[in-house]
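Working through the structure, step by step
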Amino acid sequence: MDNSEESAIELHGDEEIIEVIDLNDTEPGPDDLADDLEDVDFDDAGNAGDDNDGWETEDEMEAEAEQDDSDLTFSKHTGSVFCVSLDPATNNLAVSGGEDDKAYVWRVSDGEVLLECTGHKDSVTCAMFSHDSSLVASGDMSGLIKVWKVETKEEIWSFEVGDLEWLEWHPCAPVLLAGTNDGNVWMWKIPAGDCKTFQKVSGASRLLLRCMSVCLLTGQDGHQGALTCLACNKDGSLMLTGSVDGCAKLINITTGKVVGAFSVEGGKGKGSKDEEESNSVESVGFCNVLPLIAVAYLDGTLAIYDLSTQALRHRCRHEAGIVHLQWEQSSSVVSTCSLDGALRLWDARSGNMVAEYKGHTAEILDFTMNRYDSTARCQDCAPCSRALKCIRNEGCAEVVFHWEAPEKLVVLIL
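Residues numbered from 1 in each chain as written. Predicted model: local features only at pLDDT ≥ 70, side-chain atom pairs only at ≥ 80, totals over all residues. Heavy atoms only, no water.

**A word on the nonpolar core**
Across soluble globular proteins, nonpolar side chains have a tendency to be buried as a group. Grouped together as the largest cluster of nonpolar side chains are 17 residues, with contacts concentrated most on Leu-240, Phe-262, Val-284, Phe-286, Val-295, Tyr-297 and Tyr-305. Of all the elements in the fold, those that place two or more residues in this core are β14 (227–232), β15 (238–243), β16 (248–252), β18 (281–286), β19 (292–297) and β20 (301–306). Those residues in contact with Phe-286, other than ones at most four positions away along the chain, are Ala-231, Cys-232, Asn-233, Leu-238, Met-239, Leu-240, Leu-250, Leu-292, Ile-293, Leu-307 and Trp-327. Cys-126, Ala-137, Val-161 and Trp-169 belong to the second largest nonpolar core, which has 16 residues in total. (Core = buried A, V, L, I, M, F, W, Y, C linked by side-chain atoms within 4.5 Å. Buried < 20%, exposed > 50% of the residue type's maximum accessible area, 1.4 Å probe, protein only. Helix = DSSP H or I, 4+ residues; strand = E, 2+ residues; numbered from the N terminus. Contact = heavy atoms within 4.5 Å.)

Here's what the structure looks like:
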């Protein structure tokens, strides 16, 4: 076969030769590569910019992953933080309890610890101030309850009950109440220690505390599961309860009759450790300025209902189960914390999310807000005495919230 036949290129069908490249018998050497690089224009900024489109730098990715909107971090706890409360008199102090069997009283402005509540036998799951902020009560899962005097930083009273479920102060007297998992309610005068018990009140035990009257719901009117939460309206005429049965009930406190029931269809707990957990009601609340109620479900649904018609107005979706909700004192904004580690603010009039705050690396277990009349303190964003930002010019709020891991507690100045 001659050379012409050897160099012939056979085409098949519609194939077309675009370019013929000669292959040398030897590999390119350093000199050849250097000659090729001379033709490359490294100063072509236009092409360089195009190459970076759609890419994030390492610093940008790190900043996004570590987004933290908090203003102060309290990290004295060495285990998960389970509860937090602000002092009602000044809102300048916070108390938090955790898995490390301790409670801390600390200053909100700078995180300085004022009192370390020690001596507990188990995780501190309840910690709160008395109505005048002079006393702090802390309770652990084993049932050991301690009361501390904030001014002198000394323990003035202690008592041991069964497995503790909840702990609350009377709203206007130095009287402490507690509920245990056997259905009993305990009441003490502090520091005298005079005691009274209400035995086997079962799921209605917390109703006794909040409403100062016994509303025992049984039969078809009652919940078909354990009570998880409750709230009263500001004039004390209505009560809203939530249960693991996935239903919220509206109760007339005067008559003890159920006047409304609220639930959402189906659903399982999202973001919980047990995905097969039922869609329980985790938190409920009344709006102070509009006839609205809010019900938070474990499937991540925040439902806003019209109180007069009992119709569903808005369904606000979360990425994971909601742990707690709280209405602002003088507006239609309701705040929620959830198992996805975010704190969100919702406008109940429109159902839209007002703001979202991040910083947690695990589930948020609780949060609380101060009770200042924010509207009076901030009419046009100028009169604020501290460096606070305003939420749509409707007020300022100081939010305390915490997460499971790492063990930190955050104060967020909104």
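**Quick look at the side chain of Ser-335**
Mapped onto the fold, Ser-335 is located in strand β23 (residues 333–338). Taking relative accessible area as the criterion, Ser-335 reaches 1% and is therefore assigned buried. If near-sequence neighbours (up to four positions away) are discounted, Ser-335 is found in contact with His-324, Leu-325, Gln-326, Arg-344, Leu-345, Phe-367 and Met-369.

**Remarks on the pattern of salt bridges**
Applying the stated criterion across every chain, the model contains eight salt bridges. Two residues, Lys-146 and Glu-155, come together in a salt bridge whose shortest N-O distance is 3.2 Å. When its relative accessible area of 8% is taken as the criterion, Lys-146 is described as buried. For Glu-155, a relative accessible area of 35% translates into the label partly exposed. Within the structure, one salt-bridge network assembled from shared partners comprises Arg-107, Asp-110 and Glu-112. (Salt bridge = Lys/Arg side-chain N within 4 Å of Asp/Glu carboxyl O.)

**With respect to the packing of aromatic side chains**
Aromatic ring pairs are described here by two measures, namely the spacing of the ring centres and the angle between the planes. The tally for this structure, following the rule as stated, stands at eight aromatic pairs. Note on Phe-74 and Trp-106: the rings are 4.4 Å apart at their centroids and 5° apart in plane angle, and the pair reads as stacked. One end of the pair, Phe-74, is in strand β1 (residues 72–74); the other, Trp-106, is in strand β4 (residues 103–107), with 32 residues separating them in the sequence. Here Trp-106 falls in the buried class, since its relative accessible area comes to 0%. Ring centres 6.0 Å apart and planes at 15° place the aromatic pair Trp-186 and Trp-188 in the stacked group. Linked through ring pairs, Trp-157, Phe-159, Trp-186 and Trp-188 together constitute an aromatic cluster. (Phe/Tyr/Trp six-rings, centres within 6.5 Å; stacked < 30°, edge-to-face > 60°.)

**Some thoughts on the sheet that holds β19**
The antiparallel open sheet is built from four strands, whose spatial order is β18-β19-β20-β21. The sheet is open, and its two edges are formed by β18 and β21 (312–317), each paired on a single side. Ignoring which end each strand starts from, the neighbouring axes of this sheet average 15° apart. Pairing geometry for β18 and β19, over five bridges, is antiparallel. Bridged to Phe-286 within β19 is Ile-293. (Pairing = 2+ DSSP bridges. Axes fitted to C-alpha atoms, helices over the stretch in contact; angles between N-to-C directions.)

**Considerations on the confidence of the model for the protein**
As a note on interpretation, predicted positions should not be read in detail where pLDDT is low. Confidence along the protein averages 75 in pLDDT terms, with 65% of residues attaining 70 or more. Long-range and interchain partners of residues 372–414, a stretch whose pLDDT sits below 50, account for 144 contacts in this model, where long-range means more than four residues apart. (pLDDT = per-residue confidence, 0-100.)

**Details of the pairing of strand β6 (residues 124–129)**
Across the six residues that make up β6, a large majority, five, are buried. Sheet topology places β6 next to strand β7 (residues 135–140); five bridges connect them, and they run antiparallel. Bridged to Met-128 within β7 is Ala-137. Counted between consecutive antiparallel strands, the loop separating β6 from β7 contains five residues, among which Ser-133 sits at a positive phi close to 65°.

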